[in-house]
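Next come the chains, spelled out residue by residue.
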Amino acid sequence: MSNELDILLRPLQLSDVSAWYSYLKIPKVVEHTSWNLGSLRDLEKLAAGYNLTNRDSNIRFAITRESSELMIGTIGFNAISETCRSAEIAYDVHPDYWGYGIATKACRLALDWGFNTRKLNIIKACILPANIASEKVLIKCGFVRTEGPAEVRSVRGKPKEFQVYSVSSQN
């Protein structure tokens with residue numbers, strides 16, 4: 001494989017969930033995230049709730065290679081606030097595709113969609129301090145670490161502090 005892979009984002013389909021779960025159950029994929037899936041059924045329930053047309057719904061796209069419909073990752077928005085025109089971005093990539101800039105390309109595509117299609121004003125990201133790869137992706141995409149306190153979330157039953165980054169439509 002060359003170092004450059006062309007990707008596309010398409011709406012996540014329920015038929016993608018099995019492939020998605022196949023890599024989310026790999027410990028190294030989720031170790032620096034808050035994912036806590038007990039089964040394929042847990043992910044199916046979550047995926048069934050994603051809806052690009054419902055403005056109150058969380059949103060998830062499948063990341064695919066341009067040459068294939070095969071899903072190699074996902075990216076989307078959680079904690080969407082229509083009032084504040086804000087959301088939180090989250091993403092994951094199959095480990096076979098780590099190191100090819102896919103998360104960065106997908107993040108840029110998702111930011112474009114969020115700012116231009118959904119008319120969001122601000123998009124934030126929350127990452128564990130150990131997630132250096134995600135921090136690099138966010139910085140490449142124009143995110144800046146916020147000055148405020150860390151956000152505490154449960155990670156597989158334990159409270160963890162997440163660093164908060166944000167980017168605005170003005171950047």
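Small disclaimer: the values here were computed from a predicted structure and weren't measured.

A. Region of interest: the packing of aromatic side chains. Under the definition given, this model contains 4 aromatic pairs. Aromatic pair W20 and W35: ring centres 5.6 Å apart, planes at 90°, arrangement edge-to-face. Of the two residues, W20 sits in helix α1 (residues 17-24) while W35 sits in the loop between α2 (27-30) and α3 (40-48), which places them 15 residues apart along the sequence. By relative accessible area, W20 is classed as buried at 0%. The interplanar angle of 20° and the centroid separation of 6.1 Å between the aromatic rings of F77 and W113 together place this pair among those described as stacked.

B. How the structure looks around the packing of α1 against α3. Where α1 contacts α3, the axes come no closer than 10 Å and their chain directions differ by 125°. Judged on the interaxial angle alone, α3 and α1 are oblique. Viewed along their axes, α1 and α3 form a crossing whose handedness is right-handed. Each of V17, S18, W20, Y21 and L24 in α1 lies in contact with α3, whose residues at this interface are L40, L43, E44 and A47. In the contact of α1 with α3, the residues fall into 7 nonpolar, 1 polar and 1 charged.

C. Quick look at the nonpolar core. Within the largest apolar cluster, 33 residues are counted, with the highest numbers of intra-cluster contacts made by I75, I89, I102, L111, I123 and F143. If you tally residues by element for this core, the top one is helix α4 (residues 102-117), at 8 residues. With residues near it in sequence (within four places) discarded, I102 still touches L5, I7, I63, I72, V93 and Y97. Ranked by size, the runner-up nonpolar core spans 14 residues in total, among them Y21, V30, L43 and A62.

D. Geometry of the confidence of the model for the protein chain. With 97% of its residues at a pLDDT of at least 70, the protein chain reaches an overall mean of 89. Least confident of the elements in the protein chain is strand β7 (residues 151-155), whose mean pLDDT is 78; most confident is α4, at 96.

E. Structural view of α4. Taking 1.5 Å of rise per residue, the 16 residues of α4 would be expected to cover 22 Å, and the 21 Å separating its terminal C-alpha atoms lies within 8% of that figure. Within α4, the full set of buried residues consists of I102, A103, T104, A106, C107, A110, L111, W113, G114 and F115. K119 sits one or two positions beyond α4 and adopts a positive phi of about 60°.

F. Quick look at the side chain of Q163. Examined against the element boundaries, Q163 turns out to sit in strand β8 (residues 158-168). Here Y165 takes part through its side chain, which lies 3.4 Å from a polar atom of the side chain of Q163. Q163 has contacts with A125, C126, I127, P129, E135 and R145, leaving out every residue within four places of it along the chain.

G. Main features of the pattern of salt bridges. Tallied over the entire structure, the rule returns 6 salt bridges. One salt bridge in this structure joins D16 and R10, with 2.8 Å as the shortest N-O distance. Taking the shortest distance from any N to any O, the salt bridge between K124 and E151 comes out at 3.0 Å. Highlighted residues: K124 in strand β5 (residues 122-127) and E151 in strand β7, separated in sequence by 27 residues.

H. Seen up close, the pairing of β8. One ladder, built from 6 bridges, connects β5 with β8; its direction is antiparallel. Bridge pairing in β8 places I122 opposite S168. Alignment of strand β6 (residues 144-145) against β8, held across 2 bridges, turns out to be antiparallel. Residue V144 lies in a different strand from β8, and its bridge partner there is S166. Note: β7 against β8, 5 bridges, orientation antiparallel. Residue pairing in the sheet places S154 in a bridge with P159 of β8. Connecting β7 to the antiparallel partner β8 that follows it, the hairpin turn spans 2 residues, and R156 within it adopts a positive phi of roughly 50°.

Cut-off values and rules
- Residues numbered from 1 in each chain as written.
- Predicted model: local features only at pLDDT ≥ 70, side-chain atom pairs only at ≥ 80, totals over all residues.
- Heavy atoms only, no water.
- Phe/Tyr/Trp six-rings, centres within 6.5 Å; stacked < 30°, edge-to-face > 60°.
- Helix = DSSP H or I, 4+ residues; strand = E, 2+ residues; numbered from the N terminus.
- Buried < 20%, exposed > 50% of the residue type's maximum accessible area, 1.4 Å probe, protein only.
- Axes fitted to C-alpha atoms, helices over the stretch in contact; angles between N-to-C directions.
- Parallel < 35°, antiparallel > 145°, perpendicular 65-115°, else oblique.
- Left-handed = near helix turned anticlockwise from the far one by under 90°.
- Contact = heavy atoms within 4.5 Å.
- Nonpolar A, V, L, I, M, F, W, Y, C, P; charged D, E, K, R; others polar.
- Core = buried A, V, L, I, M, F, W, Y, C linked by side-chain atoms within 4.5 Å.
- pLDDT = per-residue confidence, 0-100.
- Expected span 1.5 Å × (residues − 1).
- Polar contact = N/O pair within 3.5 Å; in protein donor to acceptor, adjacent residues only side chain to side chain.
- Salt bridge = Lys/Arg side-chain N within 4 Å of Asp/Glu carboxyl O.
- Pairing = 2+ DSSP bridges.

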